[in-house]
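Here are the chains, one letter per residue:
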Amino acid sequence: MVLLKTMSAKSKYTHHQHSGIAMPNNSNNRKVLLDEDGIPKEWYNILPDLPAPLPPPINPATREPVKPQELERVFAKELIRQEMSQERWIPIPEEVREVYRLWRPTPLYRARRLEQYLKTPARIYYKFEGVSPPGSHKPNTAVAQAYYNMKEGIERLTTETGAGQWGSSLAFATMLFGLKCTVYMVRASYNQKPYRAILMRAWGAEIYPSPSNKTNFGRSLYEKDPNHPGSLGIAISEALEDAVTHDNTRYSLGSVLNHVLMHQTVQGLEAKRQMEMIDEYPDIVAGCVGGGSSFSGLFWPFYYDVYVSKKAPKKTKFVATEPTACPTMTKGIYTYDFGDTAKMTPLLPMYTLGSDFIPAPIHAGGLRYHGDAPTLCLLLKKGYIEPHAYNQVEVFEAASIFARTEGIVPAPEPSHTIKYVIDEALRCKRTGEEKVILFNLCGHGYFDLQAYLDYFEGRLQPFEYPEEEIRRSLERLKSELPWIDQLPYLKNL
Ligand SMILES: Cc1ncc(COP(=O)(O)O)c(C=O)c1O
């Protein structure tokens, strides 16, 4: 039973107090709301608090860690500074908070109808990021990135998008700060979700299905196969090539990098405050992982409580979910690999399926990336994260249960987490445990209705990615760059 707490209640485990007004949370209330002053004033940077130093990105030409100056042609200087910063708290500019006010703070919901349907003693909460104009958590970083680029005089940003959530978020954010935006959208998603592309155009972006004939790399694939389904790795290569070959243009990434995940911590900081207002603390924090930004944005502030300030009242478990069709965390290999297919990026230390990975055309387009954020991979390697993989048929079954109990139609990506949450809640039913589960409902699925139709009509395939393919891809990488295994940074982890 959720207890009503007064506004003045201060819990011993909360580091950051934000002002905000709680809706009185009596037993019928579904939402915990903060007012706009409750938007955090600082992001939480996990870098100084990791259990081991983060292995650096490597320049494949020098075989040395990448120097900040080498990234300046690609990213805004402030973002590079944040990427490498060891400061734990980084102030959020007022102009960025001002834009966040359009939809933040986001509500924390109690999934009472789902609990009742499952007859579970578990208490299930979700942070709903689908209330942002583009419909997901992605604008939390898009707005910050567009702002810093605008401040540094950049005129255009390029990017890739899988599901279309990230591309539409950057289109939205660049529009607000008067920048142009070019989006390379994985062709499989472009065909599956034409409305996402239209949304980006409504916000003024130009958009190309990838591989496209706009870049040298895109053309090399497009000319061989104009129906090439594309991949996030290919679209990243195209967006990077476009950025570095045009003046006053920079590239923007929607996941994986430290600064991106850090911008997402507004979610976890708000959620901590919201749970505190109802005198709850999660036993489990769960989220899906494409590159790791939504999940990290929610769990990092709780990681801070459990492992850094050590003021958490519980030893919270952090659970990450992914598709069996793109099983980076459950089957990937921890090594250095390129972040894109054309091998233009630095080598990143991550669990990878190989940078030439072409995913099955599953509907969770945002979870089809061949690697994951280096911070997340380090925490996984060190045993701080429990990963689970699910196939898309069981995922859509869970999504449908959620839609029919809670009403919100979830995006396919967080539906992987809903599958986990339902399984865990049913386990609690068997054992009688009153676990408190918090998960990230990081996007709505109103542009994913074709996927729901395919599920209803029995057309979805339960893809599993063959382990053999992962081994072959990484053998190719190691025959090309045999020195990778000699790099000292992953030893002893
Ligand atoms: C709704 C949604 N959730 C999750 C993801 C996966 O990315 P990340 O792991 O960075 O949150 C995406 C990516 O496009 C997405 O659109």
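Positions within a chain are numbered from 1, following the residues in the order the chain's sequence is written. pLDDT decides what is reported in this predicted model: residues at 70 or higher carry local features, side-chain atom pairs at 80 or more are listed and counted, and totals for whole chains, interfaces and linings draw on all residues regardless. Heavy atoms from the whole structure form the basis of all side-chain values; hydrogens and water molecules are not counted.

J.: It is not clear to me how the packing of aromatic side chains should be interpreted in this structure. Could you clarify?
T.: Two aromatic rings are characterised by how far apart their centres lie and by the angle between their planes. Classification of ring pairs rests on two measures: the distance between centres of Phe, Tyr or Trp rings, Trp counted by its six-membered ring, which must be within 6.5 Å, and the angle between planes, read as stacked under 30 degrees, edge-to-face over 60 and tilted in between. As enumerated under the stated definition, the model contains 28 aromatic pairs in all. For the pair tyrosine 307 and tyrosine 384, a centre-to-centre distance of 4.7 Å together with 75° between the ring planes defines the contact as edge-to-face. In this pair, tyrosine 307 sits in helix α12 (residues 293-308) while tyrosine 384 sits in the loop between α14 (374-381) and β16 (385-390), placing the two residues 77 residues apart along the sequence. Exposed residues in this analysis have more than 50% of their type's maximum accessible area, buried residues have under 20%, and partly exposed residues fall in between, with area computed by a 1.4 Å probe over protein chains only. Classification of tyrosine 307 by relative accessible area gives partly exposed; the value is 24%. Three or more aromatic residues link up through ring pairs in this structure, and these residues are Tyr109, Tyr126, Phe128, Phe402 and Phe439. Put simply, DSSP H or I for four residues or longer makes a helix, DSSP E for two residues or longer makes a strand, and each gets a number counted from the N terminus.

J.: Just checking my understanding: could you explain the nonpolar core for this structure?
T.: A general trend in soluble globular proteins is that nonpolar side chains are found buried together. For our purposes a nonpolar core is just a set of buried Ala, Val, Leu, Ile, Met, Phe, Trp, Tyr and Cys residues, chained together by side-chain atoms within 4.5 Å. If you look at the biggest cluster of nonpolar residues, it comprises 116 residues, and the most contacted ones within it are Trp43 and Phe299. Should any heavy atoms of two residues lie within 4.5 Å, those residues are considered in contact. Beyond its immediate stretch of four places on either side in the chain, phenylalanine 299 contacts Val285, Phe318, Leu376, Leu379 and Ile385. If you look at the next biggest cluster of nonpolar residues, it comprises 25 residues, including Ile124, Ala286, Ala425 and Ile437.

J.: Teacher, can you tell me more about the sheet that holds strand β12 (residues 284-288) here?
T.: Working definition: the strands of a sheet are paired by backbone hydrogen bonds and lie parallel or antiparallel to each other. The seven strands are arranged β1-β6-β7-β17-β12-β13-β16 in an open sheet whose pairing can be described as mixed. Strand pairing shows two members of the sheet lacking a second neighbour, β1 (31-32) and β16, which therefore form its edges. Where β12 lies against strand β13 (residues 317-323), five bridges are found, and the strand directions are parallel. What sits directly across from alanine 286, in β13, is valine 319. Note on geometry: axes are lines fitted to C-alpha atoms, helical ones only across the stretch in contact, with angles between N-to-C directions running from 0 to 180 degrees. Strands in contact with α12 are β7 (123-128), β12, β13, β16 and β17 (436-441); relative to β12, the strand with the most contacts, it is inclined by about 155°. Two strands are counted as paired when DSSP detects at least two bridges linking them.

J.: Any chance you could explain the pairing of β12 here in plain terms?
T.: A large share of β12 lies buried, amounting to five of its five residues. On β12, burial covers both faces: Ile284, Ala286 and Cys288 on one face and Val285 and Gly287 on the other are all buried. Since β12 and β13 lie parallel, the crossover through α12 that links them has a hand, and here it is right-handed. One ladder, built from three bridges, connects β12 with β17; its direction is parallel. Its bridge partner lying in β17, isoleucine 284 is registered against isoleucine 437. By the criterion used throughout, a crossover qualifies as right-handed when its path from the first strand across the helix to the second strand runs clockwise, the strands pointing away from the viewer.

J.: So what exactly am I meant to see when it comes to the site of the ligand here?
T.: Around the ligand, 15 residues are found, and the nearest of them are Ser255, Gly290, Gly292, Ser293 and Ser294. In this structure, an oxygen atom belonging to the ligand sits 2.5 Å away from a side-chain N or O atom of serine 255. Any pair of N or O atoms that falls within 3.5 Å is considered a polar contact. Within protein, one atom must be able to donate a hydrogen and the other to accept it, and sequence-neighbouring residues count only if both atoms are side-chain atoms. Take glycine 291: an N or O atom from its main chain is 3.0 Å from an oxygen atom of the ligand. Notes on the ligand: free accessible area 390 Å², of which the protein chains cover 97%. Note on definitions. A residue lies near a molecule or strand when any single heavy atom of the residue is within 4 Å of it. The protein chains shown are the only cover counted for residues, whose accessible areas, like all others here, come from Shrake-Rupley with a 1.4 Å probe.

J.: Looking at this structure, how should I read the side chain of glutamate 406?
T.: Of note, glutamate 406 is situated in helix α15 (residues 392-406). In contact with glutamate 406, other than residues within four places in its own chain, are Arg30, Arg110, Ala111, Arg112, Arg113, Leu114 and Tyr126.

J.: How should I be thinking about the pattern of salt bridges in this particular structure?
T.: Where side chains of opposite charge bring their charged atoms close, a pairing between them can arise. A side-chain nitrogen of Lys or Arg and a carboxyl oxygen of Asp or Glu constitute a salt bridge if their distance falls within 4 Å. Counted according to the given criterion, the structure contains 34 salt bridges. The salt bridge partner of glutamate 115 is arginine 110, with a shortest N-O separation of 2.8 Å. An identical accessibility class is assigned to glutamate 115 and arginine 110; each is buried. When the shortest N-O distance is used, the salt bridge between glutamate 469 and arginine 472 registers 2.7 Å. In this pair, glutamate 469 and arginine 472 are both assigned in helix α18 (residues 467-480), three residues apart and thus about one turn of the helix distant. Looking at glutamate 469, the relative accessible area reads 28%, which means it is partly exposed. Residue class for arginine 472 comes out partly exposed when judged on its relative accessible area of 36%. Several salt bridges share partner residues, and in doing so they unite Glu468, Glu469, Arg471, Arg472 and Glu475 into one network.

J.: Hey, could you run me through the packing of helix α4 (residues 139-151) against helix α5 (residues 165-176) in this one?
T.: Axes are the key here: two packed helices are described by the angle between their axes and the distance separating the axes. Direction vectors running N to C along α4 and α5 enclose 40°, while the axes themselves pass 8 Å from each other. The angle between α4 and α5 falls in the class oblique. Crossing hand, α4 versus α5: right-handed. Contact residues: α4 offers Pro139, Thr141, Ala142, Val143, Gln145 and Ala146, while α5 offers Trp166, Ser169, Leu170, Phe172, Ala173 and Thr174. The residue inventory of the contact of α4 with α5, partitioned by class, reads eight nonpolar, four polar and no charged. The scheme is simple: roughly parallel for angles under 35 degrees, roughly antiparallel for over 145, roughly perpendicular for 65 to 115, oblique for anything else. With the far helix as reference, a near helix turned anticlockwise by less than a right angle produces a left-handed crossing, and one turned clockwise produces a right-handed crossing. Classification used: nonpolar for Ala, Val, Leu, Ile, Met, Phe, Trp, Tyr, Cys and Pro, charged for Asp, Glu, Lys and Arg, polar for all others including Gly.

J.: Can you walk me through the confidence of the model for the chain in this structure?
T.: Do not read the fine detail of predicted coordinates wherever pLDDT is low. With 95% of its residues at a pLDDT of 70 or more, the chain has an overall mean of 92. Every residue in residues 1-19 is under pLDDT 50, and counting partners more than four places away or in other chains gives 49 contacts. By definition, pLDDT measures how confident the predictor is in each residue, and it falls between 0 and 100.

J.: Which parts of the structure should I look at to understand the layout of surface pockets?
T.: One simple way to see leftover space: roll a probe sized like a water molecule over the atoms. In this structure, the largest pocket occupies an estimated 680 Å³ of space. Forming the boundary of the largest pocket are 34 residues, of which Pro57, Leu71, Leu257, Pro346 and Leu348 lie nearest the centre. Of all the secondary-structure elements, those providing two or more residues to the lining of the largest pocket are α1 (77-84), α9 (232-244), α10 (258-263) and β15 (347-352). When the residues that make up the lining of the largest pocket are grouped by side-chain class, the tally is 26 nonpolar, six polar and two charged. Buriedness of a pocket was judged along seven lines, with at least five required to meet protein on both sides within 12 Å; pockets are open sets of points on a 1 Å grid over the protein atoms alone, cavities are sets where a 1.4 Å probe fits but cannot get out, and lining residues have an atom within 4 Å of a point. Grid points are joined across faces, edges and corners, and a volume is the space filled by probe spheres set on the points.

J.: For this particular structure, what's the right way to read the packing of α1 against α4?
T.: Running from amino to carboxyl end, α1 crosses α4 at an angle of 130°, the nearest separation of the two axes being 8 Å. By the angle class used here, α1 and α4 are oblique. Between α1 and α4, the residues in contact are Glu78, Leu79 and Gln82 and Gln145, Tyr148 and Asn149, respectively.

J.: Help me understand the environment of proline 466 in this model?
T.: Mapping proline 466 onto the fold places it in the loop between α17 (449-456) and α18. Each C-alpha atom, one on proline 466 and one on alanine 325, is 8.6 Å from the other, the two residues being 141 residues apart in sequence.

J.: Just to check I follow, could you spell out unusual backbone geometry for this structure?
T.: Outside of glycine, negative phi angles account for most residues, and trans bonds account for most peptide bonds. For the bond from arginine 104 to proline 105, the omega torsion is -10°, close enough to zero to count as cis. Proline 211 follows serine 210 through a cis peptide bond whose omega is 5°. Residue placement: proline 211 occurs in the loop between β10 (206-210) and α8 (216-222). A positive phi is found at valine 256, a non-glycine position, where the angle reads about 70°. Classification of valine 256 by relative accessible area gives buried; the value is 5%. In the Ramachandran plot, aspartate 279 falls in the positive-phi region, its phi being about 60° despite a non-glycine side chain. The partly exposed category is assigned to aspartate 279, whose relative accessible area is 38%.

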